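# Structural features, examined
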Amino acid sequence: MTKIGRYNFMAEPFHCDCSGRLFMGHLGNHLLNAADFHSTDRGFGMHYLNTIHRTWVLSRLAIEMVEMPQQYTHFQVETWVESAMRFFTQRNFRIVATDPHAASPEEPNEAYVYGYGRSVWAMIDTETRQPADLLAINDGSLTNWIEKDYPCPIDKGGRVRMDDNASLVRTIDTYYNDVDINGHINSVKYIEHVLDLWPIDWHREHPIRRFEIAYVAEAHAGDRLSFFTEQVSELETCIRIVKNDDTEVCRSKVRFG
(Lines give C-alpha, C1' and ligand atoms only; values in the text may rest on other atoms or scores of the structure.)
Protein backbone atom coordinates (compact mmCIF):
# COMPACT_ATOMS: atom_id res chain seq x y z
CA MET A 1 0.00 0.00 0.00
CA THR A 2 1.40 3.40 -1.00
CA LYS A 3 1.47 6.56 1.09
CA ILE A 4 -0.68 8.32 -1.51
CA GLY A 5 -4.27 7.15 -1.88
CA ARG A 6 -6.08 7.51 -5.23
CA TYR A 7 -9.87 7.28 -5.45
CA ASN A 8 -12.22 7.50 -8.43
CA PHE A 9 -15.27 9.75 -8.56
CA MET A 10 -17.65 11.17 -11.17
CA ALA A 11 -19.32 14.55 -11.41
CA GLU A 12 -22.85 13.20 -11.28
CA PRO A 13 -25.36 15.50 -13.00
CA PHE A 14 -27.45 16.04 -9.86
CA HIS A 15 -24.29 17.08 -8.03
CA CYS A 16 -23.64 19.88 -10.54
CA ASP A 17 -24.79 23.49 -10.46
CA CYS A 18 -26.59 25.57 -13.08
CA SER A 19 -23.38 25.86 -15.10
CA GLY A 20 -23.12 22.07 -15.42
CA ARG A 21 -20.06 21.88 -13.18
CA LEU A 22 -19.61 20.13 -9.85
CA PHE A 23 -20.80 22.03 -6.78
CA MET A 24 -17.96 23.05 -4.48
CA GLY A 25 -19.84 21.40 -1.63
CA HIS A 26 -19.93 18.06 -3.42
CA LEU A 27 -16.24 18.35 -4.25
CA GLY A 28 -15.68 18.95 -0.54
CA ASN A 29 -17.59 15.75 0.22
CA HIS A 30 -15.41 13.83 -2.23
CA LEU A 31 -12.25 15.15 -0.57
CA LEU A 32 -13.50 14.16 2.88
CA ASN A 33 -14.52 10.73 1.62
CA ALA A 34 -11.08 10.23 0.08
CA ALA A 35 -9.50 11.23 3.40
CA ASP A 36 -11.67 8.67 5.20
CA PHE A 37 -10.90 5.91 2.68
CA HIS A 38 -7.18 6.64 2.95
CA SER A 39 -7.08 6.69 6.76
CA THR A 40 -9.34 3.64 7.14
CA ASP A 41 -7.21 1.53 4.78
CA ARG A 42 -4.13 2.42 6.83
CA GLY A 43 -5.55 1.78 10.29
CA PHE A 44 -6.35 5.23 11.63
CA GLY A 45 -9.78 5.90 10.15
CA MET A 46 -13.04 6.72 11.88
CA HIS A 47 -14.27 3.11 11.75
CA TYR A 48 -11.46 2.13 14.13
CA LEU A 49 -11.36 5.39 16.09
CA ASN A 50 -15.02 5.13 17.08
CA THR A 51 -14.25 1.87 18.91
CA ILE A 52 -11.87 3.77 21.21
CA HIS A 53 -14.08 6.87 21.57
CA ARG A 54 -12.06 9.02 19.20
CA THR A 55 -12.91 10.76 15.95
CA TRP A 56 -11.39 13.11 13.39
CA VAL A 57 -12.67 16.67 13.07
CA LEU A 58 -11.78 19.03 10.26
CA SER A 59 -10.04 22.17 11.46
CA ARG A 60 -9.10 23.93 8.20
CA LEU A 61 -9.75 23.38 4.52
CA ALA A 62 -8.48 25.27 1.48
CA ILE A 63 -9.43 24.31 -2.08
CA GLU A 64 -7.94 26.03 -5.11
CA MET A 65 -9.29 25.14 -8.56
CA VAL A 66 -8.37 25.91 -12.14
CA GLU A 67 -11.89 24.78 -12.98
CA MET A 68 -14.54 22.45 -11.60
CA PRO A 69 -15.20 19.10 -13.36
CA GLN A 70 -18.13 19.14 -15.78
CA GLN A 71 -21.07 16.78 -15.38
CA TYR A 72 -20.32 13.11 -16.17
CA THR A 73 -16.58 13.78 -15.96
CA HIS A 74 -14.59 11.04 -14.27
CA PHE A 75 -11.85 12.28 -12.00
CA GLN A 76 -9.57 11.07 -9.27
CA VAL A 77 -8.84 12.49 -5.85
CA GLU A 78 -5.33 11.83 -4.59
CA THR A 79 -4.69 12.35 -0.91
CA TRP A 80 -1.76 12.01 1.46
CA VAL A 81 -0.61 13.07 4.93
CA GLU A 82 2.02 15.80 4.73
CA SER A 83 2.80 16.10 8.44
CA ALA A 84 1.60 15.05 11.87
CA MET A 85 1.99 16.62 15.29
CA ARG A 86 0.50 15.66 18.63
CA PHE A 87 -2.87 17.32 18.12
CA PHE A 88 -3.01 18.17 14.40
CA THR A 89 -2.22 16.54 11.09
CA GLN A 90 -1.99 18.14 7.65
CA ARG A 91 -3.53 16.30 4.71
CA ASN A 92 -3.31 17.36 1.06
CA PHE A 93 -5.38 16.62 -2.04
CA ARG A 94 -4.88 16.68 -5.80
CA ILE A 95 -7.87 16.51 -8.16
CA VAL A 96 -7.01 15.11 -11.60
CA ALA A 97 -9.00 14.07 -14.67
CA THR A 98 -9.08 10.37 -15.55
CA ASP A 99 -10.76 10.76 -18.95
CA PRO A 100 -8.19 10.09 -21.71
CA HIS A 101 -9.16 13.22 -23.67
CA ALA A 102 -8.54 15.46 -20.65
CA ALA A 103 -4.75 15.44 -20.76
CA SER A 104 -2.86 18.56 -19.79
CA PRO A 105 -2.27 20.84 -22.81
CA GLU A 106 1.18 21.72 -21.42
CA GLU A 107 2.13 18.11 -20.65
CA PRO A 108 0.25 15.79 -23.09
CA ASN A 109 1.35 12.69 -21.19
CA GLU A 110 0.15 14.03 -17.86
CA ALA A 111 -3.40 14.02 -16.51
CA TYR A 112 -5.19 17.34 -16.40
CA VAL A 113 -5.10 18.79 -12.88
CA TYR A 114 -8.33 20.51 -11.83
CA GLY A 115 -6.91 21.76 -8.57
CA TYR A 116 -5.49 21.07 -5.13
CA GLY A 117 -6.60 21.09 -1.54
CA ARG A 118 -4.97 21.48 1.85
CA SER A 119 -6.54 20.51 5.15
CA VAL A 120 -5.75 20.39 8.86
CA TRP A 121 -7.38 17.78 11.10
CA ALA A 122 -7.61 17.31 14.85
CA MET A 123 -8.56 14.24 16.83
CA ILE A 124 -11.02 14.56 19.71
CA ASP A 125 -12.38 12.34 22.47
CA THR A 126 -16.04 11.71 21.56
CA GLU A 127 -17.09 11.66 25.23
CA THR A 128 -15.32 14.79 26.50
CA ARG A 129 -15.14 16.62 23.10
CA GLN A 130 -11.57 17.56 24.06
CA PRO A 131 -8.43 17.19 21.89
CA ALA A 132 -6.80 13.75 21.88
CA ASP A 133 -3.20 12.76 21.18
CA LEU A 134 -3.26 11.40 17.64
CA LEU A 135 0.33 10.11 17.94
CA ALA A 136 -0.83 7.73 20.66
CA ILE A 137 -3.06 5.82 18.23
CA ASN A 138 -1.51 2.44 17.36
CA ASP A 139 1.84 3.59 18.76
CA GLY A 140 2.03 6.49 16.35
CA SER A 141 1.61 4.38 13.23
CA LEU A 142 0.18 7.40 11.39
CA THR A 143 3.72 8.78 11.06
CA ASN A 144 4.63 5.80 8.86
CA TRP A 145 2.38 7.23 6.15
CA ILE A 146 3.75 10.77 5.98
CA GLU A 147 4.65 11.92 2.46
CA LYS A 148 6.55 15.21 2.42
CA ASP A 149 7.79 15.28 -1.15
CA TYR A 150 4.61 15.04 -3.23
CA PRO A 151 3.87 18.57 -4.45
CA CYS A 152 0.84 20.60 -3.39
CA PRO A 153 1.60 24.03 -4.86
CA ILE A 154 -1.15 26.10 -3.20
CA ASP A 155 -1.00 28.42 -0.23
CA LYS A 156 -1.82 26.80 3.11
CA GLY A 157 -3.78 29.88 4.06
CA GLY A 158 -3.80 31.57 7.42
CA ARG A 159 -6.22 33.22 9.76
CA VAL A 160 -9.01 35.05 7.93
CA ARG A 161 -8.69 38.58 9.27
CA MET A 162 -11.85 40.65 9.74
CA ASP A 163 -12.61 43.75 11.77
CA ASP A 164 -15.68 44.70 13.80
CA ASN A 165 -17.25 46.55 10.87
CA ALA A 166 -18.26 43.39 8.99
CA SER A 167 -21.86 43.50 7.78
CA LEU A 168 -24.54 41.07 8.91
CA VAL A 169 -26.00 39.72 5.67
CA ARG A 170 -28.01 36.65 6.66
CA THR A 171 -29.22 34.57 9.60
CA ILE A 172 -30.40 30.98 9.13
CA ASP A 173 -31.78 28.14 11.24
CA THR A 174 -30.18 24.68 11.28
CA TYR A 175 -31.97 21.37 11.00
CA TYR A 176 -31.60 17.60 10.65
CA ASN A 177 -29.91 17.75 7.24
CA ASP A 178 -27.20 20.03 8.58
CA VAL A 179 -25.92 17.50 11.13
CA ASP A 180 -23.25 14.85 10.48
CA ILE A 181 -22.13 11.60 12.09
CA ASN A 182 -20.25 13.52 14.81
CA GLY A 183 -23.47 15.19 15.96
CA HIS A 184 -22.52 18.73 14.95
CA ILE A 185 -23.13 20.86 11.87
CA ASN A 186 -21.47 19.19 8.91
CA SER A 187 -18.26 20.80 7.66
CA VAL A 188 -19.51 20.86 4.08
CA LYS A 189 -22.85 22.41 5.05
CA TYR A 190 -20.96 25.54 6.09
CA ILE A 191 -19.44 25.66 2.59
CA GLU A 192 -22.89 25.43 1.01
CA HIS A 193 -24.38 28.07 3.30
CA VAL A 194 -21.49 30.45 2.60
CA LEU A 195 -21.80 30.10 -1.17
CA ASP A 196 -25.56 30.68 -0.95
CA LEU A 197 -24.73 34.27 0.03
CA TRP A 198 -24.21 35.05 -3.68
CA PRO A 199 -27.09 34.90 -6.20
CA ILE A 200 -27.21 32.37 -9.00
CA ASP A 201 -26.47 35.01 -11.65
CA TRP A 202 -23.21 35.85 -9.89
CA HIS A 203 -22.17 32.18 -9.85
CA ARG A 204 -22.98 31.87 -13.58
CA GLU A 205 -20.38 34.51 -14.39
CA HIS A 206 -17.81 34.02 -11.61
CA PRO A 207 -16.33 30.54 -11.05
CA ILE A 208 -14.86 29.84 -7.63
CA ARG A 209 -11.08 29.90 -7.78
CA ARG A 210 -10.25 29.45 -4.08
CA PHE A 211 -12.33 28.59 -1.04
CA GLU A 212 -10.90 28.41 2.45
CA ILE A 213 -12.56 27.87 5.80
CA ALA A 214 -11.32 27.56 9.38
CA TYR A 215 -13.54 25.92 11.99
CA VAL A 216 -13.42 27.48 15.45
CA ALA A 217 -16.27 25.97 17.49
CA GLU A 218 -19.05 23.42 17.12
CA ALA A 219 -22.64 24.28 16.26
CA HIS A 220 -25.58 21.91 16.59
CA ALA A 221 -29.06 21.43 15.18
CA GLY A 222 -31.30 24.24 16.36
CA ASP A 223 -28.53 26.82 16.52
CA ARG A 224 -29.11 29.98 14.50
CA LEU A 225 -26.15 30.98 12.36
CA SER A 226 -25.45 34.59 11.46
CA PHE A 227 -23.20 35.44 8.51
CA PHE A 228 -21.06 38.58 8.48
CA THR A 229 -19.13 39.61 5.36
CA GLU A 230 -16.27 41.96 4.64
CA GLN A 231 -15.24 42.77 1.09
CA VAL A 232 -11.52 42.46 0.33
CA SER A 233 -11.92 43.24 -3.38
CA GLU A 234 -14.59 42.86 -6.04
CA LEU A 235 -13.79 39.16 -6.34
CA GLU A 236 -12.71 38.30 -2.79
CA THR A 237 -14.81 38.26 0.37
CA CYS A 238 -14.24 37.22 3.98
CA ILE A 239 -17.07 35.66 5.99
CA ARG A 240 -17.53 35.16 9.73
CA ILE A 241 -20.22 32.79 11.06
CA VAL A 242 -21.54 33.27 14.58
CA LYS A 243 -24.15 31.19 16.42
CA ASN A 244 -26.95 32.52 18.61
CA ASP A 245 -24.90 32.77 21.83
CA ASP A 246 -22.39 35.02 19.98
CA THR A 247 -19.80 32.24 19.76
CA GLU A 248 -17.79 32.44 16.55
CA VAL A 249 -18.15 29.13 14.72
CA CYS A 250 -15.90 29.58 11.69
CA ARG A 251 -14.34 31.99 9.23
CA SER A 252 -14.12 31.67 5.49
CA LYS A 253 -12.65 33.45 2.49
CA VAL A 254 -13.86 33.08 -1.10
CA ARG A 255 -12.07 34.24 -4.23
CA PHE A 256 -13.93 34.19 -7.53
CA GLY A 257 -12.64 34.30 -11.09
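Just above sits the structure.
Attention here is on the structure that accompanies the text. (Residues numbered from 1 in each chain as written. Predicted model: local features only at pLDDT ≥ 70, side-chain atom pairs only at ≥ 80, totals over all residues. Heavy atoms only, no water.)

With that settled, consider the sheet that holds strand 3 (residues 74-84). Across the sheet, 10 strands lie side by side as 1-3-4-5-2-7-10-9-8-6; this open sheet has antiparallel pairing. Two strands in the sheet have a free side with no partner beyond their single neighbour: strand 1 (5-10) and strand 6 (167-173). Recorded for the sheet is a direction-independent mean angle of 25 degrees between the axes of neighbouring strands. Looking at chain direction, strand 8 (residues 224-233) and strand 9 (residues 236-243) are connected through 8 bridges and run antiparallel. By the bridge assignment, S226 is partnered in strand 9 with V242. Sitting on the sheet, helix 1 (residues 24-41) touches strand 1, strand 2 (54-65), strand 3, strand 4 (88-97), strand 5 (113-125) and strand 7 (208-215), and the angle it makes with strand 1 is about 145 degrees. Across the face of the sheet, helix 3 (residues 187-195) comes into contact with strand 2, strand 6, strand 7, strand 8, strand 9 and strand 10 (248-256) while running at roughly 130 degrees to strand 7. (Pairing = 2+ DSSP bridges. Helix = DSSP H or I, 4+ residues; strand = E, 2+ residues; numbered from the N terminus. Axes fitted to C-alpha atoms, helices over the stretch in contact; angles between N-to-C directions. Contact = heavy atoms within 4.5 Å.)

Time to look at the nonpolar core. Counting 60 residues, the largest nonpolar core has M24, L27, W56, F75, Y190, F211 and V254 as its most contacted members. Among the nonpolar cores identified, the runner-up in size contains 8 residues, and V96, V113, Y116 and C152 belong to it. (Core = buried A, V, L, I, M, F, W, Y, C linked by side-chain atoms within 4.5 Å. Buried < 20%, exposed > 50% of the residue type's maximum accessible area, 1.4 Å probe, protein only.)

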